[in-house]
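Notes for the structure review
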Amino acid sequence: MNEALLEKLRTQLANPGKIGIVTHKSPDGDAMGSSLGLYHLLKQFGHKIEIFTPNRYPEFLAWMPESERVVVFDEQNSAATALLNSCDTIFTLDFNAFHRAGDMEHALKNKSAFYVMVDHHQMPDTYAQITFSDTGYASTCEMIYDLAVGLGWQEYVNKDVAACLYTGIVTDTGSFRFAATKPSTHLAVAYLMQTGIDHAKIYSNIHDNFSADRLQLMGRSLQNLKVFPEKKTAYTKLSQAELDAFNYVKGDTEGLVNLALSIKGIVFAAIFIEHTDEKIIKISFRSQGDFDVNQFARAHFNGGGHINAAGGKSNVSLAETIQKFEELVLNLDI
Ligand code: 5GP
Ligand code: MN
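Being a predicted model, the structure only gives us computed values, none of them experimental.

1. Concerning the UniProt feature "domain: DHHA1" (unreviewed entry) in the protein
- Mapped onto this numbering, the UniProt entry annotates "domain: DHHA1" (unreviewed entry) at residues 247-325.
- Across residues 247-325 one finds 20% helix and 30% strand; the C-alpha atoms that close the span lie 27 Å apart.

What follows is the structure, encoded as structure tokens:
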């Protein structure tokens, strides 16, 4: 963590103020963990703090301490805008550009404040007064932990802070297996664990909290799998009708894309999910090794992310989107 930036942040937070914490649309474990973790840290210093998500977080994260105080922007638009406008300092966590905040994009663009970005995605925008951006981190939660240490606040990393940060570290590292997991990740986790968090319970809250329908939806996505062994690529898809048939709720498709990477020799995986209400196909890309899915998503599917995990979207039909993908795959040098 850059000492000059830490000093600037220390100065900004020296007196109790009105702080907003905002994370990206369709918040995941890292988005919610970093937001609530930072909240539990900062509230010990007398600030008034509001946490915002652009849309509702998945049910499997609702156990997180004080998740109920999160303001879900698209459920209370004007009241939420007023709350946002009352903030002097705004932390934007786990995203790199305002458009990643979905319905909150315009409220953020129109709001002048002291912005602090903490994020681990590539190519950050330059709206923030302080930008902590480092793609070397596996999770924003680990960055929040390092920020707390850098500010001299390690002793304020209590059990609530730790439970939130542990959640994002576990989810964004794929339970410590992704390449971005570092010795420093485990050292951070060692500190978090000794605060007394129940790590087994947290893991179970995250992973053993689904419906039978969700398991069968997973089965359907596995049946839809298509493999291109010579291109080391596999993809699957779920139509809106299939989501409906298995009573899809937000969060149900989380992680399905990773399953294709368990096939021997496959280094590039994708899942295409039809959302007719938003009129888009939501795409997730994952890779192992050098194949850069951030570049692929940016170049072809209006998205981005990290080298081994990225997302994108398409405005044409599921069949047309997949046809485009297959053509790209057949021309890949992988
Ligand atoms: P997921 O596939 O889980 O939605 O996203 C994987 C990674 O890519 C996450 O870090 C997420 O923030 C990022 N990501 C997902 N969709 C988009 C997108 O449309 N644009 C950009 N820039 N990043 C995305
Ligand atoms: Mn993240």
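From this point, things continue past the structure.
2. Overview of the packing of helix H5 (residues 140-150) against helix H6 (residues 159-172)
- Contact geometry of H5 with H6 gives a least axis separation of 7 Å together with a crossing angle of 140°. The orientation of H5 relative to H6 falls into the category oblique. Residues Thr140, Cys141, Glu142, Ile144 and Tyr145 of H5 lie in contact with H6, whose contacting residues are Leu165, Gly168 and Ile169.
- Considered class by class, the residues forming the contact of H5 with H6 number 5 nonpolar, 2 polar and 1 charged.

3. So, the UniProt feature "domain: DDH" (unreviewed entry) in the protein
- In the numbering used here, UniProt assigns the "domain: DDH" (unreviewed entry) feature to residues 18-169.
- Secondary structure content for residues 18-169 is 34% helix and 19% strand, and the end C-alpha separation is 27 Å.

4. Comments concerning the site of ligand 1
- What surrounds ligand 1 is the set His121, Ser284, Gly303, Gly304, Gly305, His306, Ala309, Ala310, Gly311, Gly312 and Lys313.
- For the shell around ligand 1, the elements supplying multiple residues, two or more each, are strand S11 (304-305) and strand S12 (309-314).
- The biggest single contributor to the shell around ligand 1 is S12, with 5 residues.
- Taken together, the residues of the shell around ligand 1 break down into 2 nonpolar, 8 polar and 1 charged.

5. As for the sheet that holds strand S2 (residues 48-53)
- Here 6 strands make up an open sheet; going across it, the order is S3-S2-S1-S4-S5-S6 and the pairing parallel. For this open sheet the edge positions go to strand S3 (71-72) and strand S6 (130-133), each flanked by a neighbour on one side alone.
- Taken together, the 5 bridges between strand S1 (residues 18-23) and S2 define a ladder with parallel strand orientation. Paired with Lys18 across the bridge in S2 is Lys48.
- Running at roughly 165° to S1, helix H2 (residues 29-42) makes contact with S1, S2, strand S4 (89-93) and strand S5 (114-119) of the sheet.
- Taken strand by strand, helix H3 (residues 77-85) contacts S1, S2 and S3, and its axis lies near 135° from that of S2.

6. Looking at the environment of Ile90
- For Ile90, the location among the structural elements is in strand S4.
- Given 24 C-beta atoms within 10 Å, Ile90 falls into the buried group.

7. Topic: the sheet that holds strand S10 (residues 280-287)
- Read from one edge to the other, the open sheet built from 6 strands follows the order S7-S8-S9-S10-S12-S11, with strand pairing classed as mixed. Sheet topology places strand S7 (226-228) and S11 at the edges, where each strand pairs with a single neighbour.
- Relative to S12, S11 runs antiparallel, the two sharing 2 bridges. From the neighbouring strand, Gly304 faces S12, where its bridge partner is Gly311.
- Contacting S7, strand S8 (233-238), strand S9 (268-275), S10 and S12, helix H12 (residues 318-330) crosses the sheet at an angle of about 165° to S9.

8. Notes on the nonpolar core
- Among the nonpolar cores identified, the biggest contains 58 residues, and Ile21, Val118, Ile144, Leu165 and Tyr166 are the most heavily contacted of them.
- Here Tyr166 is in contact with Val189, Leu192, Ile197, His199 and Ile202, once residues within four sequence places are set aside.
- Counting 23 residues, the second-largest nonpolar core is a separate cluster that includes Ile281, Val293, Ala297 and Phe325.

Parameters and conventions
- Residues numbered from 1 in each chain as written.
- Chains lettered and ligands numbered in written order.
- Predicted model: local features only at pLDDT ≥ 70, side-chain atom pairs only at ≥ 80, totals over all residues.
- UniProt positions renumbered as here; feature names shortened; annotations may be inferred.
- Helix = DSSP H or I, 4+ residues; strand = E, 2+ residues; numbered from the N terminus.
- Axes fitted to C-alpha atoms, helices over the stretch in contact; angles between N-to-C directions.
- Parallel < 35°, antiparallel > 145°, perpendicular 65-115°, else oblique.
- Contact = placed C-beta atoms within 7 Å.
- Nonpolar A, V, L, I, M, F, W, Y, C, P; charged D, E, K, R; others polar.
- Near = placed C-beta within 6 Å.
- Pairing = 2+ DSSP bridges.
- Buried ≥ 20, exposed ≤ 12 C-beta atoms within 10 Å, placed from the backbone.
- Core = buried A, V, L, I, M, F, W, Y, C linked by C-beta atoms within 7 Å.

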